[in-house]
Amino acid sequence: MIDDFATQVVLQKRKLNKGIELLLGLVTGMLADGHLNDLEVKFLNAWLTEHDDVAAVWPGNMVAKLVSEMLADGTVTESEHARLIKMLTDLTGNNFAQTGSVTAEVITLPVDEQCPVSLRDANVCLTGEFLFGARAKCEEVASHAGATSYNTVTKKIAYLVIGTNVSPHWAHTSYGRKIEQAIELQQKGHPIKIISERRWLDAMS
């Protein structure tokens, strides 16, 4: 019985990952000419409505929310078009004018390179592979800086630190789930910060 449940969970996760990949592919194709017309916005809204599992998780929920807001009053303005194009370009990391590619790119890491970082008495969670060294070594150095390291992302975490050697397909990895959890907490109003290994090292130095 437990094995059947675990299998179902794995299959659902695979289905969701494929849905996210399909969304990124659709978005990348739409951005090929650098513009989005009203018909494409409505199509995107209809697709996300039909694929409600993708629209319920990041990044689909961000796109669904903005598209829904844009269509709420029946008129899509130029500024709304520009805002949506920027969000989709940031998510896919794809710029057709520069790359000439309409293939789906990886989801851009949502790190904040501008936020102030203070590790003294802060709770941190490290994820991904670090250039600095093994996880145990990184946690030891963080401890010397006054931080406490945890293995999971919860409301008590102040900083999620992403290692430099993170996979380009991070959204489909185990540590990608930690990033998604941090984003979900941010969306709920919790002040968790997502920072890069470089920002983390700068703060310790």
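Here the structure is shown first, and the text comes after it.
Everything numeric here is computed off the predicted structure, so don't read it as measured data.

Peer 1: Describe the nonpolar core, naming the residues involved and giving the relevant values.
Peer 2: Note that soluble globular proteins tend to have their nonpolar side chains buried in a common cluster. If you look at the biggest cluster of nonpolar residues, it comprises 37 residues, and the most contacted ones within it are Leu44, Leu48, Val63, Leu84 and Leu88. At the level of secondary structure, the elements contributing two or more residues to this core comprise helix H1 (2-30), helix H2 (38-50), helix H3 (52-55), helix H4 (60-71), helix H5 (78-92), strand E3 (159-162) and helix H8 (174-187). A total of six residues in this core trace back to one element, the largest contributor, which is H1. With residues near it in sequence (within four places) discarded, Leu44 still touches Leu23, Val27, Met30, Val63, Val67 and Leu88. In terms of nonpolar packing, the next biggest core, distinct from the first, is built from 14 residues, Leu126, Phe130, Val161 and Trp200 among them.

Peer 1: Help me get a handle on the sheet that holds strand E1 (residues 123-127), residues and values and all.
Peer 2: Read from one edge to the other, the open sheet built from four strands follows the order E2-E1-E3-E4, with strand pairing classed as parallel. Both edges of this open sheet fall to strand E2 (148-150) and strand E4 (193-196), since each of them pairs with a single strand only. Between one strand axis and the next, the sheet turns through 35° on average, direction left out of account. Inspection of the sheet shows E3 paired to E4 by four bridges, in the parallel sense. By the bridge assignment, Ile162 is partnered in E4 with Ser196. Each of E1 and E2 touches helix H7 (residues 135-144); the most contacted strand, E1, lies at about 160° to it.

Peer 1: Describe H2, and please don't skip the residues or the numbers.
Peer 2: For H2, built from 13 residues, the straight-helix expectation of 18 Å at 1.5 Å per residue is met to within 8% by its first-to-last C-alpha distance of 18 Å. Within H2 the residues assigned to the buried category are Val41, Leu44, Trp47 and Leu48. Mapping the buried residues of H2 onto a view down its axis gives an arc of 125°, with all of them on the same face. In H2, those exposed residues whose orientation departs by more than 90 degrees from the buried face are Leu39, Lys42, Thr49 and Glu50.

Peer 1: Help me get a handle on the side chain of Arg199, residues and values and all.
Peer 2: Structurally, Arg199 is set in helix H9 (residues 197-204). In contact with Arg199, not counting residues within four places along its chain, are Asp112, Glu113, Gln114, Cys115, Pro116 and Val117.

Calculation rules
- Residues numbered from 1 in each chain as written.
- Predicted model: local features only at pLDDT ≥ 70, side-chain atom pairs only at ≥ 80, totals over all residues.
- Heavy atoms only, no water.
- Core = buried A, V, L, I, M, F, W, Y, C linked by side-chain atoms within 4.5 Å.
- Buried < 20%, exposed > 50% of the residue type's maximum accessible area, 1.4 Å probe, protein only.
- Helix = DSSP H or I, 4+ residues; strand = E, 2+ residues; numbered from the N terminus.
- Contact = heavy atoms within 4.5 Å.
- Pairing = 2+ DSSP bridges.
- Axes fitted to C-alpha atoms, helices over the stretch in contact; angles between N-to-C directions.
- Expected span 1.5 Å × (residues − 1).
- Arc of directions from axis to C-beta.

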